[in-house]
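Spelled out, the chains give:
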Amino acid sequence: MRLNILAFAAGVIVLQMQPELPTVWPWALAGLLLALPAFRWRGNWPARLIGILGCLAIGFAWAAWRAEVRLADALPAAWEGRDIEVVGVVAALPQDFSQGSRFEFAVETVSTATAVVPARIMLSWYQGQRDGEEFVRQPLKPGERWQLTVRLKRPHGNANPNAFDYEAWLLERNIRATGYVRQNSPQRLTEMVWQPDYVIERLRDRVRAAFAEMLPAAQYPWTGILVALAVGDQRAIQGDLWATFNRTGTTHLMSISGLHVTMFAALFALLTSAVWRRVPALALRLPAQKAALMAGCLAALFYALLAGFAVPAQRTLYMLLVAALAMGSGRVVAPSKTLCLALLAVLLIDPWSVLAAGFWLSFGAVGALLYIGSASVGEANGWREKIRAWSVVQWAATLASLPVLLLVFQQFSLVSPLANALAIPVVSFIVTPLALLAAVIPWWPLAALAHWVLGWLMVFLEWCATWPVWSAPAPPLWAAIAAALGVAICLLPRAMPGRLVGMVFLLPALFWPLEQPAEGEAWVSILDVGQGLAAVVRTREHTLIYDPGPLYSAESDAGQRVVVPYLRSLGIGRVDVLMVTHRDSDHAGGVASVRSALRVDRLLSSTGEADAEPCRVGQTWTWDGVRMEILHPLADDYDEKRKSNNLSCVLRIEAGGRRMLLTSDIEARDEAALLLRDPGKLAADVLLVPHHGSRTSSTPEFIAAVGAQHALIPVGYRNRFGHPKADVVERHAKAGARIWRTDRDGALLVVMGGEAQTISAWRNVRQRYWRSTQFEQVD
């Protein structure tokens, strides 16, 4: 059975890697035709092999059918960006951010004639001025029914190498459109819709509000962690704390883990058993052991729902249910079979869970613990043996997470075993029980005690965070699979020979080489950061960042979410030049994040910062046979009162006889000045289109002087400025340039030098069935 479940899981995983959805019925039919005879003549190896292949096909078909149904619930392109009146329910915890709040909305009815809206959407409700309109946000609570006028767009996220896939995340959560609330007389129709899922979300909201009242964030910096431990709201944790948890390998503790659910269930089971045994009438009706099992399972279900039903909580819940059923029926079920049944349940309910790192970390860690536990005989006696057993558990969990951490995050914490040795018992057996008790009994001393204990733990973790972190370029998938095999070999019992061979399998993932341009080559990556600009220029031994991208909100920016993870995936921790072309937040918003995460040797900017060197005409340098030159602005331009756009740093790159012109947000007057100074230097094979394709730039004379074969436009999907303008795009196309757009194509990689010049688009390189293939110009 275990092999069949693993084959089913493999089929689900393979489907999630497909560029487009296959037809479901041939795979389902093939799976049934293979599985039925295998079941009939089970017991011999040929039949088992056929059964495994059948389960593989069934898993593939199951995931494909689920995806087909979910994708069918779509917002038509014709209704993007139009006012639609809907009635529905706030379906989950609203999340506040600096400009308003964001919430999931379950649509019940659509009042606008002929409009088609998906059943579940994500909405932002802004506060203050936006696009010339005054927004007034009203307080929201889960379970409220509202009548709203909204503007929607289909699911769309930034597409960058080795980055978080927002579109996949939306698909998993069944959110099939995103948008914002218009100020057209929103009305609260019902205070509470009494459905079980809304009741749970309202309860989570009350717990979160109680913690905020007892422990105001201004005086109690760790309140968000207590909220995350009580109700699974990880977004309550401040962004800078995640850096500490990542560097110490304790991120898994800041969410509802399997250990927390198990502890909560065991506590209720013990209490139920103690009460049941003291009431003869109850004990005669149902044995205390079975009553305790039922109470523990119900408690685990309640806590898992309260925690947001994340994968670790699901996995633990299903394992507890299987174990309870086995104990209740008097049967003995192997722990590995229990884990496989939990895996099957998770994938039947949520086949997209395999796309999340948490899925692999959760099942991998538990699988590793069961793997080493199967070789242990008896219980540890004496404190030395108990410490050794605890050390083995830490070693196994750390080693099991290594392939996933290297593949997804390109780093792992060297101090993780030490940090977890203290953090796991403190968080699991002191802080979490106190947080749960404070959630049930909102009494300040309980919450304050939990916060005080957590504060001392954070002092320890912040010290651990100063230790080095192993970083390496993102390994290929085969290297991560080889590393997983190496982990299995390393965790064999001590008596088994050849365990050190496992380290050989780990070497490719640990020491995957940095892919570098050849001498005389330049690789220019135009990252997909939405409405803004972030580019990375690489030569063989040097790296330049041309703008660190936009500020998304007070809590996040492109430097933190896109630029730094991208460079980390390449194994780059040092930047030779950070060029901030001008002060607009869609270009300079990620400066602080980049400078705090990476070593920056030189800062070039037109923003006038005290520690920055002004960029100006005449600055040139050569790296590894690649020549770079600043063409704008003039030194005298800083003395004039100019718009920040007119001070944009323009960079010219020449490699192997090929040229690329990076123009930031220059406007028509700046283009004219460049034409007057030295039109010959404007000639380029590739042009980064000025000002995102705005009508303020790209004059016919400038386009003709550049004569680019390729025009690259960094732009956000359906941005509120309407960039790029259709006539500007047409102007570049008529001049003979091929048009590339980050909103349509994702991140763009330009390879200059060598025998040829190539441009590749990430959405074409890494195609997935859930990514939109339709695209329309918005003007």
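Residues numbered from 1 in each chain as written. Predicted model: local features only at pLDDT ≥ 70, side-chain atom pairs only at ≥ 80, totals over all residues. Heavy atoms only, no water.

Trainee: Give me the lowdown on the overall build of the protein, citing residues and values where you can.
Mentor: Along the protein, the regular secondary structure elements total 26 helices and 26 strands. Whereas a compact globule of 779 residues would reach a radius of gyration of roughly 28 Å, the protein reaches 29 Å, a difference of no more than 12%. Referenced to the eigenvectors of the C-alpha coordinate spread, the extents of the protein come out at roughly 100 × 70 × 60 Å. Considering the protein as a whole, with its 779 residues, one finds that 51% of them fall into the buried category. Only carbon and sulfur atoms are counted for the fraction: they give 61% of the accessible area of the protein, which is about 35,400 Å². Side-chain charges of the protein comprise 71 positive and 63 negative groups, with the mean position of each set lying 11 Å from the other. (Helix = DSSP H or I, 4+ residues; strand = E, 2+ residues; numbered from the N terminus. Rg over C-alpha atoms; globule rule 2.2 N^0.38 Å. Buried < 20%, exposed > 50% of the residue type's maximum accessible area, 1.4 Å probe, protein only. Areas by Shrake-Rupley, 256 points an atom, 1.4 Å probe, with all protein chains shown as cover. Lys, Arg positive; Asp, Glu negative; His and termini not counted. Charge placed at Lys NZ, Arg CZ, Asp CG, Glu CD.)

Trainee: Please give an account of the environment of Arg315 that cites residues and values.
Mentor: With respect to the helices, strands and loops of the structure, Arg315 is situated in helix α11 (residues 311-329). For Arg315, a relative accessible area of 9% corresponds to the buried category. Along the chain, Arg315 and Ala342 lie 27 residues apart, while their C-alpha atoms are 5.5 Å from each other. Arg315 has contacts with Gly258, Leu339, Ala342, Val346, Ser362, Phe363 and Val366, leaving out every residue within four places of it along the chain. (Contact = heavy atoms within 4.5 Å.)

Trainee: Any chance you could break down the pattern of salt bridges for me, citing the residues and the numbers?
Mentor: Under the counting rule described, the total for this entry stands at 33 salt bridges. Among the salt bridges present, the one from Arg599 reaches Asp601, with a minimum N-O distance of 3.0 Å. Judged by relative accessible area, Arg599 falls into the exposed class, the value being 52%. Of the residues examined, Asp601 reaches a relative accessible area of 36% and is grouped as partly exposed. A salt bridge links Asp670 to Arg642; the nearest nitrogen and oxygen atoms lie 3.7 Å apart. Here Asp670, found in helix α22 (residues 668-677), pairs with Arg642, found in the loop between β19 (626-632) and β20 (650-655); they are 28 residues apart in sequence, far enough to count as distant. Given the relative accessible area of 21%, Arg642 is considered partly exposed. (Salt bridge = Lys/Arg side-chain N within 4 Å of Asp/Glu carboxyl O.)

Trainee: Please set out the packing of aromatic side chains residue by residue, giving values where relevant.
Mentor: Using the criterion set out here, one finds 20 aromatic pairs in the structure. Where Trp463 meets Trp467, the ring centres are 5.4 Å apart and the plane angle is 75°; that geometry is what we call edge-to-face. A residue is classified by how much of its surface remains accessible, and Trp463, at 44% relative accessible area, is partly exposed. Measuring from ring centre to ring centre gives 5.7 Å for Trp478 and Trp512, while their planes differ by 80°; the resulting arrangement is edge-to-face. Taken together, the residues span a long stretch of sequence, with Trp478 in helix α17 (residues 477-490) and Trp512 in the loop between α18 (501-510) and β12 (522-526) at a distance of 34 residues. The class of Trp512 is partly exposed, set by a relative accessible area of 28%. Of the aromatic side chains, those joined through ring pairs into one cluster are Phe97, Tyr126 and Tyr180. The lysine or arginine in question, Arg82, covers the ring of Trp79, its NZ or CZ lying 3.8 Å from the ring centre. A cation over an aromatic ring shows up here: Arg602 above the ring of Trp621, its NZ or CZ 5.4 Å from the ring centre. (Phe/Tyr/Trp six-rings, centres within 6.5 Å; stacked < 30°, edge-to-face > 60°. Lys NZ or Arg CZ within 6 Å of the ring centre and 35° of its normal.)

Trainee: Now, about the pairing of strand β24 (residues 738-741): what can you tell me, with residues and values included?
Mentor: Pairing of strand β23 (residues 710-713) with β24 involves 4 bridges; the strand directions are parallel. Residue pairing across strands places His710 opposite Arg738, the latter belonging to β24. Between the parallel pair β23 and β24, the chain is carried across by helix α24 (residues 726-734), and the sense of this crossover is right-handed. (Pairing = 2+ DSSP bridges. Right-handed = clockwise from strand over helix to strand, strands pointing away.)

Trainee: Describe helix α5 (residues 196-214), with residues and values.
Mentor: In this model α5 runs 27 Å from its N-terminal to its C-terminal C-alpha over 19 residues, within 8% of the 27 Å that 1.5 Å per residue would give. Buried residues of α5: Tyr198, Ile200, Glu201, Arg202, Arg204, Asp205, Val207, Arg208, Phe211 and Met214, and no others. (Expected span 1.5 Å × (residues − 1).)

Trainee: Lay out unusual backbone geometry in plain terms, naming residues and giving numbers.
Mentor: In this structure, the amide linkage connecting His632 to the following residue, Pro633, adopts the cis form with an omega of 10°. Here Pro633 shows up in the loop between β19 and β20. Following His723, the chain continues into Pro724 via a peptide bond in cis, with omega recorded as -10°. You can see Pro724 is positioned in the loop between β23 and α24. Even without being glycine, Asn174 reaches a positive phi, approximately 60°. With respect to the secondary-structure elements, Asn174 resides in the loop between α4 (166-172) and β8 (178-181). Assessed through its relative accessible area of 24%, Asn174 is described here as partly exposed.

Trainee: Explain the sheet that holds strand β18 (residues 620-623) to me, and be specific about the residues and the numbers.
Mentor: Taken in spatial order, the 7 strands line up as β18-β19-β20-β21-β22-β23-β24 in an open sheet, and their pairing is mixed. The outermost strands of the open sheet, each flanked by one partner alone, are β18 and β24. For this sheet, the mean inter-axis angle between neighbouring strands, taken without regard to orientation, is 20°. Where α24 meets the sheet, it contacts β22 (686-688), β23 and β24, and its direction lies at approximately 140° from that of β24. (Axes fitted to C-alpha atoms, helices over the stretch in contact; angles between N-to-C directions.)

Trainee: Run through the packing of helix α1 (residues 2-15) against helix α12 (residues 335-349), naming residues and quoting values.
Mentor: Here α1 crosses α12 at 30°, and the two axes come no closer than 10 Å. With respect to each other, α1 and α12 are oriented roughly parallel. In this structure, α1 meets α12 at a crossing whose hand is left-handed. In this structure, α1 uses Arg2, Ile5, Leu6, Phe8, Ala9 and Val12 to contact α12, whose residues at the interface are Ser336, Lys337, Cys340, Leu341, Leu343, Leu344, Leu347 and Leu348. Split into classes, the residues belonging to the contact of α1 with α12 amount to 11 nonpolar, 1 polar and 2 charged. (Parallel < 35°, antiparallel > 145°, perpendicular 65-115°, else oblique. Left-handed = near helix turned anticlockwise from the far one by under 90°. Nonpolar A, V, L, I, M, F, W, Y, C, P; charged D, E, K, R; others polar.)

Trainee: A description of the side chain of Asp528 should follow, citing residues and the corresponding values.
Mentor: Among the secondary structure elements, Asp528 is positioned in the loop between β12 and β13 (534-538). Here Asp528 occupies a buried position and makes no salt bridge, while the nearest side chain of opposite charge, Arg763, is found at 4.6 Å. Among the polar contacts made by the side chain of Asp528, one reaches the main-chain amide nitrogen of Ala159 at a distance of 2.8 Å. Sequence-distant contacts of Asp528, defined by excluding residues within four places in its chain, comprise Gly157, Asn158, Ala159, Asn160, Val562, Thr742, Gly746 and Ala747. (Polar contact = N/O pair within 3.5 Å; in protein donor to acceptor, adjacent residues only side chain to side chain.)

Trainee: So, the environment of Leu567: which residues are in play, and what are the values?
Mentor: With respect to the secondary-structure elements, Leu567 resides in helix α19 (residues 558-569). Here the alpha-carbon distance between Leu567 and Pro473, two residues 94 residues apart in the chain, equals 8.8 Å. The residues touching Leu567, leaving out its near neighbours within four places in the chain, are Val536, Thr543, Ile545, Ile572, Val575 and Leu598.

Trainee: Can you tell me about the side chain of Glu104, naming the residues and giving the values?
Mentor: Tracing the chain through its elements places Glu104 in strand β3 (residues 100-110). Residue classification places Glu104 among the buried residues on the basis of a relative accessible area of 5%. Within the structure, Glu104 has its side chain in polar contact with the side chain of Arg120 (distance 2.9 Å). With residues near it in sequence (within four places) discarded, Glu104 still touches Val89, Val90, Ala91, Ala92, Arg120, Ile121, Met122, Arg173 and Ile175.

Trainee: Give a description of the sheet that holds strand β17 (residues 613-614) that names residues and reports values.
Mentor: Strand pairing in a sheet relies on backbone hydrogen bonds. The paired strands run either parallel or antiparallel. The strand order across the open sheet built from 8 strands is β17-β16-β15-β14-β13-β12-β25-β26, with neighbouring strands paired in mixed fashion. Two strands in the sheet have a free side with no partner beyond their single neighbour: β17 and β26 (758-761). Bridge analysis of strand β16 (residues 599-605) against β17 gives 2 bridges, and the strand direction is parallel. Along β17, the bridge assignment pairs Ser605 with Pro614. Contacts from α19 reach β12, β13, β14 (543-548) and β15 (574-580) within the one sheet, and its direction differs from that of β14 by about 165°.

Trainee: An account of the pairing of β26 is needed here, citing residue identities and associated values.
Mentor: The two faces of β26 differ: Ile759 and Ala761 on one face are buried, but Thr758 and Ser760 on the other face are not. Examined bridge by bridge, strand β25 (residues 748-752) and β26 share 4 bridges and lie antiparallel to one another. Within β26, the position partnered with Val750 by the bridge is Ile759. Remark: 5 residues form the turn of the hairpin made by β25 and β26, two consecutive strands paired antiparallel; Gly753 in that turn has positive phi of roughly 105°.

Geometric values such as these leave the question of function open.
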